[in-house]
Amino acid sequence: MSLRIVVTVKYVPDATGDRHFAEDLTVDRDDVDGLLSELDEYAVEQALQISENSDDEVEVTVLTVGPEDAKDALRKALSMGADKAIHVEDDDLHGTDAMGTSLVLAKAVEKAGFDLVVSGMASTDGTMGIVPALVAERLGVPQVTLLSEVSVEGGTVSGRRDGDTASEQLEASLPAVVSVTDQSGEARYPSFKGIMAAKKKPVEAWDLSDLELEAGQVGLEGAWTKVDSATERPARTAGTIVKDEGEGGKQLAEFLAGQKFI
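Residues numbered from 1 in each chain as written. Predicted model: local features only at pLDDT ≥ 70, side-chain atom pairs only at ≥ 80, totals over all residues. Heavy atoms only, no water.

Here we come to the confidence of the model for the protein. Looking at the protein as a whole, its pLDDT mean stands at 91, while 100% of the residues score no less than 70. At the low end of the mean pLDDT range in the protein sits helix α7 (residues 248-258), at 85; at the high end sits strand β5 (residues 84-88), at 98. (pLDDT = per-residue confidence, 0-100. Helix = DSSP H or I, 4+ residues; strand = E, 2+ residues; numbered from the N terminus.)

Time to look at a nonpolar patch on the surface. Among the surface-exposed residues, Leu252, Phe255, Phe261 and Ile262 lie close enough to one another that they form a single nonpolar patch of about 450 Å² accessible area. Note that Ile262 resides in the segment after α7. Accessibility expressed as a relative area gives 65% for Ile262, which makes it exposed. (Patch = residues over 30% accessible without salt bridge, like charges linked within 9 Å, V, L, I, M, F, W, Y side chains within 5 Å. Areas by Shrake-Rupley, 256 points an atom, 1.4 Å probe, with all protein chains shown as cover. Salt bridge = Lys/Arg side-chain N within 4 Å of Asp/Glu carboxyl O. Buried < 20%, exposed > 50% of the residue type's maximum accessible area, 1.4 Å probe, protein only.)

Our next topic: the nonpolar core. Counting 37 residues, the largest nonpolar core has Ile5, Val7, Val44, Val62 and Val118 as its most contacted members. Of all the elements in the fold, those that place two or more residues in this core are β1 (2-8), α1 (38-53), β4 (57-65), α2 (71-80), β6 (116-120), β7 (143-147) and β11 (176-180). If you tally residues by element for this core, the top one is α1, at seven residues. Leaving out residues up to four positions away in the same chain, Val62 has contacts with Val7, Val44, Leu74, Ala77, Leu78, Ala82, Lys84, Ala85 and Ile86. Leu103, Ala108, Ala136 and Leu213 belong to the second-largest nonpolar core, a separate cluster that totals 23 residues. (Core = buried A, V, L, I, M, F, W, Y, C linked by side-chain atoms within 4.5 Å. Contact = heavy atoms within 4.5 Å.)

Tracing the sequence through the fold places Glu41 in helix α1. The class of Glu41 is buried, set by a relative accessible area of 16%. Linking Glu41 and Val9, residues 32 residues apart in sequence, is a C-alpha distance of 8.0 Å. Leaving out residues up to four positions away in the same chain, Glu41 has contacts with Leu36, Lys76, Met80 and Ala187.

The structure is reproduced here in structure tokens:
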């Protein structure tokens, strides 16, 4: 028996960089370095752990939708231990929102073939957290989201979802879609051997025509949501300095009260 796992990953702008919007109010990706979304590293890690703990033959494929530089995210996942990668790239994808992204991902997952789709809980740029559920709906399979623990056995995926007041033990029959949180286990660092091996692993390149999609279904034209306006965050102003000359506590209390903090 074999198990086909597809891990959806995203190439995102570095959160430590100075990010801006372009003229069309999409993220200016040329203005900041990109990387594999940290939250997606947890998804890759869980897929690799499932593979390592399984008695069956497991193939782990990483899938991304993004510009040419998104290959860097795929190479990072391959160097961690994934077997192969798929890169969906097309100029008409520019400006695609969560709805469009889920459509492209679902079509690509179907084309690749799958038993289990593993995603991060959200991307570190959009932080919407809805794409895994949308992909599951489009594929017509069960979804088990926000897991802090996940395993596969006997055609069933199971895991634990931790809430504020309780933990739930959930399971679903395969094929299924799961998303994992940043509490699911620290992602491994790529070894030198893994980095070198990643250079020889296959990376397939698909465009919209390969997925039988039209340009109008994605991109800014097909987006359900758009940014209407954006204003740069104002520069940080100098704080108020209170010199304690015996009245420091009183001045601090008055300041906090004036800001309605107390």
